[in-house]
Amino acid sequence: MKYFAPEQSIVRRIWGKADTILFIFAGASAEFALNKAVDWLYFTGKLPEDPIGRLFSTVSYARKIVFAENDAAEKAIDTITSIHKAVESSRQSTIPDWAYRDVLYMLIHYSIAAFELLERKMNMQEKQEVYDVFYRVGKRMQLKDLPDNYLQWLPDREAHLNNDILRSHFTDDLFVQYKKHLGSFRYTILIESQKTVVPPQVAQLLQLGKMHWLKPVVPVYKATRVIKADQLLMNLLLPAAYKKQILDLNQWP
C-alpha cells in the first residue's frame, strides 16, 4: 500500500504527536490572524464563532492527509479544494493563489519549528522531506509558482512574510475570540507558545515581545515524556471540548 507520506518519513513523526501538533496550531493561529486574506475566513462566519475549532480542523485535516493512503489523501485534498471553490462561488470572487500558498507555507514552517522545539534540530534531508509532502498537497490543489525544493522555498517564504501579513481589525478580533474561547490561563499559554515558533515578522506585528518564560520550561516538559507525565500536563492545559480529539492524535511512541 502506498501512503501519501512514506511510512518512515519524518513528517509522520512530526504529525504523530499531539504536543507537536499543538505547537503547529499555536504558530498557525498567530499567522492566520495576520494574513491579508483572513477576511475570507470571516466570510462564512465560522472562524469568529469557533476560532479554536476552525483552526484545529485545518491542522487535523492536514494530519489526516499525512497518514492517509495515497488515493485517500488525494481525495481529501480534492474535497478541500471543492469546499473553497464553493465559498468563492458564494462570494462571487476568487481566493488569491498567494493566500493558498501562505497556508501551505505555514504548515511547512511550523512543522519544522515545532519538531525542532520539542525534539531536535532537523537536517536538510528531513526538511526537504517535509517540503516534499506539502509541495505535493499544493500541486494537487493546482497551486502555481511553488518552489521546486526546500532551499528555493526559503526566500519565497520570506517574501510571503514580508508582503502578505498585516495587523488589522480582523487580527485583533481573532485574538479577542481566542481569549474568549480558551479562558485567560490557556490564552496565556497560547501566546507564550506562539513566541517559541513564530518568525520575527509575526512576533513584531503582534507585539509578542522578546521575553518569555515557556521556552526554558520546554526541556523540563520533554523530560516528563519519559515517565508519561506529559499526558497529565496536557490534560490540564487542553480545553475540555477538544481534549479527546487532540490526545487521539498521538500515533508515535
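Look up: the structure comes first, before these words.
Keep in mind it's a predicted model, so treat the numbers as computed, not measured.

Definitions and cut-offs
- Residues numbered from 1 in each chain as written.
- Predicted model: local features only at pLDDT ≥ 70, side-chain atom pairs only at ≥ 80, totals over all residues.
- Heavy atoms only, no water.
- Helix = DSSP H or I, 4+ residues; strand = E, 2+ residues; numbered from the N terminus.
- Expected span 1.5 Å × (residues − 1).
- Buried < 20%, exposed > 50% of the residue type's maximum accessible area, 1.4 Å probe, protein only.
- Patch = residues over 30% accessible without salt bridge, like charges linked within 9 Å, V, L, I, M, F, W, Y side chains within 5 Å.
- Areas by Shrake-Rupley, 256 points an atom, 1.4 Å probe, with all protein chains shown as cover.
- Salt bridge = Lys/Arg side-chain N within 4 Å of Asp/Glu carboxyl O.
- Axes fitted to C-alpha atoms, helices over the stretch in contact; angles between N-to-C directions.
- Parallel < 35°, antiparallel > 145°, perpendicular 65-115°, else oblique.
- Left-handed = near helix turned anticlockwise from the far one by under 90°.
- Contact = heavy atoms within 4.5 Å.
- Nonpolar A, V, L, I, M, F, W, Y, C, P; charged D, E, K, R; others polar.
- Arc of directions from axis to C-beta.
- Polar contact = N/O pair within 3.5 Å; in protein donor to acceptor, adjacent residues only side chain to side chain.

(A) Geometry of helix α7 (residues 97-118). With 22 residues, α7 ought to run about 32 Å at 1.5 Å a step, and its terminal C-alpha atoms sit 32 Å apart, in line with that. With 18 of its 22 residues buried, α7 lies for the most part within the structure.

(B) How the structure looks around a nonpolar patch on the surface. Among the surface-exposed residues, M124, L151 and L154 lie close enough to one another that they form a single nonpolar patch of about 270 Å² accessible area. Along the chain, M124 turns up in helix α8 (residues 124-140).

(C) Quick peek at the packing of helix α2 (residues 18-34) against α7. Two numbers describe how α2 lies on α7: the axes approach to 8 Å, and their chain directions differ by 135°. The orientation of α2 with respect to α7, classified from their angle, is oblique. Pair α2 / α7 crosses with right-handed handedness. From α2, D19, T20, F23, I24, G27, A28, E31 and F32 reach across to α7, where they touch V103, M106, Y110, S111, A114, F115, L117 and L118. Grouping the constituent residues of the contact of α2 with α7 by class yields eleven nonpolar, three polar and two charged.

(D) Helix α10 (residues 169-182), seen in detail. The terminal C-alpha atoms of α10 lie 20 Å apart, and with 14 residues this matches the ideal 20 Å at 1.5 Å per residue to within 8%. Those residues of α10 not exposed but buried are T171, L174, F175, Q177, Y178 and L182. Buried residues along α10 cover an arc of 160° about the axis, so they all sit on one side. Exposed side chains of α10 directed beyond 90 degrees from the buried face belong to H169, V176 and K180. For α10, the capping residue at the N-terminal end is S168, with a side-chain oxygen 3.2 Å from the backbone nitrogen of F170. In the segment just after α10, G183 is the residue with positive phi, at about 85°.

(E) Region of the structure containing unusual backbone geometry. A positive phi is found at Q92, a non-glycine position, where the angle reads about 55°. On the secondary structure map, Q92 appears in the loop between α6 (70-91) and α7. A positive phi angle, near 55°, is found at Q207, a position not held by glycine. Along the chain, Q207 falls in the loop between α12 (200-206) and α13 (214-224).

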